[in-house]
Amino acid sequence: MLSATDEIANLIYRYDEYVDRGRFADAAALFEDATVTYEGRDITTTGAAELEAFLHRSDRVYPDGTPRTLRLRTNVIVDVADDRKASAFSFFTMFQEAPDFPLQVIIAGATRDRFVRVDGGWRFESRSVEIRLTGDLSAHSVKA
Amino acid sequence: MSDTRSDAEQIRDLLAAYCWHMDRGEFDALGALFAHASMGDGTTPDAPALRGADQVAALYRDRCILYDGAPRTKHVCTNAIVEFDDDSHATSRSCFLVEQQLDDFPLQPIVGGRYHDRFERVDGAWRFTERRFFVDLVGDVSRHQRAALR
């Protein structure tokens, strides 16, 4: 039922969903065999354990178990090269509302992803994150 | 040209149609999307859900503040994870963020959260069978809703 493009978009959205729900281990598991690079910040993780550790450093978790964020993923362009390789480009805009922190936009950026199809399913191969616009991160970053 | 939109695209169109009718204050058309569906707050699953077009339209008419017939909002619905149980049953989980602006109310995000939806295909057309909403991030909804969200 799902096209390759749909399956890949679901993967991208599932990562955002897991992180917003505070399910960092589930989010990181999507990058089991993948690297994640933050452009211009000298941050690269390889594999799930490193990414999960990074998420615990980058996203402060509140008593409800979540980072109190909403990652809106838009402008998703998926390019399926063949039956084993694909890439995608997308924008994300992150909103946050937390105790003593009114609802506001805190980060906007772009993401470039590469995917590989293994055993009939698409997986992340690599992700490069470009954070373009930042607002008040004082309620988000663990080390603000 | 024939309509070649995929099933997933047709389901995303339903998500978009909700936002379109909502932001235009078209509550009868919004209700009609849920003619065969229930709608309720996912955080209180035991609370009675609304069922059918009339109940849904009546709730929105009762809750939403209109300015010259429209709520002056933009409902942005993104991140739709669409999955199929079989060729006539599907689910989606998506995010929403509502923005609002009035003469004395600067453009700002006022509420954000998630929709967990179920769909069925009948006579070749997809339709909602269930919507559960989760309000996660709350801003100033005093100009949009007559009742407090939290």
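Here, every reference points to the structure presented above.
Read on for an overview of the structure. (Residues numbered from 1 in each chain as written. Chains lettered and ligands numbered in written order. Predicted model: local features only at pLDDT ≥ 70, side-chain atom pairs only at ≥ 80, totals over all residues.)

Regarding the overall build of chain A
Summing up its helical and strand segments, chain A has 3 helices and 6 strands in all. When the helices and strands of chain A are read in sequence order from the N terminus, they spell out α-α-β-β-α-β-β-β-β. Since a compact globule built from 144 residues should have a radius of gyration of about 15 Å, the 15 Å found for chain A is in line with a globular shape. For chain A, the proportion of its 144 residues judged to be buried stands at 33%. Taking contacts inside chain A between residues at least 6 apart in sequence as the whole, the part at least 24 apart equals 54%. (Helix = DSSP H or I, 4+ residues; strand = E, 2+ residues; numbered from the N terminus. Rg over C-alpha atoms; globule rule 2.2 N^0.38 Å. Buried ≥ 20, exposed ≤ 12 C-beta atoms within 10 Å, placed from the backbone. Contact = placed C-beta atoms within 7 Å.)

So, the overall build of chain B
Broken down by element type, chain B carries 3 helices and 6 strands. Each helix and strand of chain B, placed in order from N terminus to C terminus, yields the pattern α-α-β-β-α-β-β-β-β. Radius of gyration (C-alpha) of chain B: 15 Å, near the 15 Å computed for a compact globule of 150 residues. Principal-axis analysis of the C-alpha atoms gives chain B an extent of 50 × 40 × 25 Å. Taken over 150 residues, chain B has a buried fraction of 31%. When contacts within chain B are restricted to residue pairs at least 6 apart in sequence, long-range pairs at least 24 apart make up 53% of them.

Examining the sheet that holds strand S6 (residues 121-134) of chain A
Residues and elements named next belong to chain A. The 6 strands lie next to each other as S2-S1-S6-S5-S4-S3, forming an open sheet whose pairing is mixed. At either end of the open sheet lies a strand with only one pairing partner, and these are strand S2 (43-46) and strand S3 (69-80). Shown here is a sheet whose adjacent strand axes are inclined to one another by a mean of 15 degrees, direction ignored. Of the pairings in the sheet, the one linking strand S4 (residues 85-98) to strand S5 (residues 101-118) comprises 13 bridges and is antiparallel in character. (Pairing = 2+ DSSP bridges. Axes fitted to C-alpha atoms, helices over the stretch in contact; angles between N-to-C directions.)

A look at the pairing of strand S4 (residues 89-102) of chain B
Residues and elements named next belong to chain B. Both strand S3 (residues 73-86) and S4 contribute to a ladder of 11 bridges, which runs antiparallel. Its bridge partner being in S4, Ile81 is matched across the sheet by Arg93. Across 13 bridges, S4 lies against strand S5 (residues 105-122) in antiparallel orientation. Considered in S5, the bridge of Cys95 is made with Arg114. Hairpin geometry of S4 and S5 is characterised by an intervening segment of 2 residues between the two adjacent antiparallel strands.

So, the nonpolar core
Ile8 and Phe95 of chain A together with Leu30 and Leu97 of chain B are the most contacted members of the largest nonpolar core, which totals 56 residues. Per-element accounting of this core gives the leading share, 6 residues, to helix H1 (residues 4-20) of chain A. The residues touching Leu30 of chain B, leaving out its near neighbours within four places in the chain, are Tyr18, His21, Met22, Val56, Ala57 and Tyr60 of chain B. (Core = buried A, V, L, I, M, F, W, Y, C linked by C-beta atoms within 7 Å.)

Comments concerning the sheet that holds strand S6 (residues 125-138) of chain B
Residue and element names in this part refer to chain B. In space, the 6 strands of this open sheet follow the order S2-S1-S6-S5-S4-S3, with mixed pairing throughout. The strands lining the two open edges of the sheet, one partner per strand, are strand S2 (50-51) and S3. Across the sheet, helix H1 (residues 7-23) lies against S3, S4, S5 and S6, angled at about 155 degrees from S3, the strand it touches most.

Notes on the interface of chain B and chain A
Chain B puts 20 residues into the contact, and the matching count from chain A is 20 residues. When residues of the side of chain B that touches chain A are traced back to their parent elements, those giving at least two are H1, S3, S4, S5 and S6 of chain B. A total of 7 residues in the side of chain B that touches chain A trace back to one element, the largest contributor, which is S3 of chain B. Looking at the side of chain B that touches chain A residue by residue, the class counts come to 11 nonpolar, 5 polar and 4 charged. (Nonpolar A, V, L, I, M, F, W, Y, C, P; charged D, E, K, R; others polar.)

Some thoughts on unusual backbone geometry
Peptide bonds are, in most cases, trans, and in most cases residues other than glycine have a negative phi. Residue and element names in this part refer to chain A. For Asp42, which is not glycine, the phi torsion reads 55 degrees and is therefore positive. Of note, Asp42 is situated in the loop between strand S1 (35-38) and S2. Residue classification places Asp42 among the exposed positions, given that 7 C-beta atoms sit within 10 Å.

A short note on the environment of Ser90 of chain A
All names here are of chain A. Locating Ser90 in the fold gives a position in strand S4. For Ser90 and Gly109, which are 19 residues apart along the polypeptide, the C-alpha to C-alpha distance reads 8.6 Å. Contact partners of Ser90, with chain neighbours within four places excluded, come to Ile12, Arg73, Asn75, Val76 and Thr111.

So, H1 of chain B
Here H1 of chain B is 17 residues long and its end C-alpha atoms lie 25 Å apart, about the 24 Å a rise of 1.5 Å per residue gives. Here H1 of chain B has its buried residues at Ala8, Ile11, Leu15, Tyr18, His21 and Met22 of chain B. Relative to the axis of H1 of chain B, the buried residues are bounded by an arc of 165 degrees and lie together on one face. On its buried face, H1 of chain B is in contact with H1 of chain A together with helix H2 (27-32), S3, S4, S5 and S6 of chain B. Gly25 of chain B sits one or two residues past H1 of chain B and shows a positive phi near 70 degrees. (Expected span 1.5 Å × (residues − 1). Arc of directions from axis to C-beta.)

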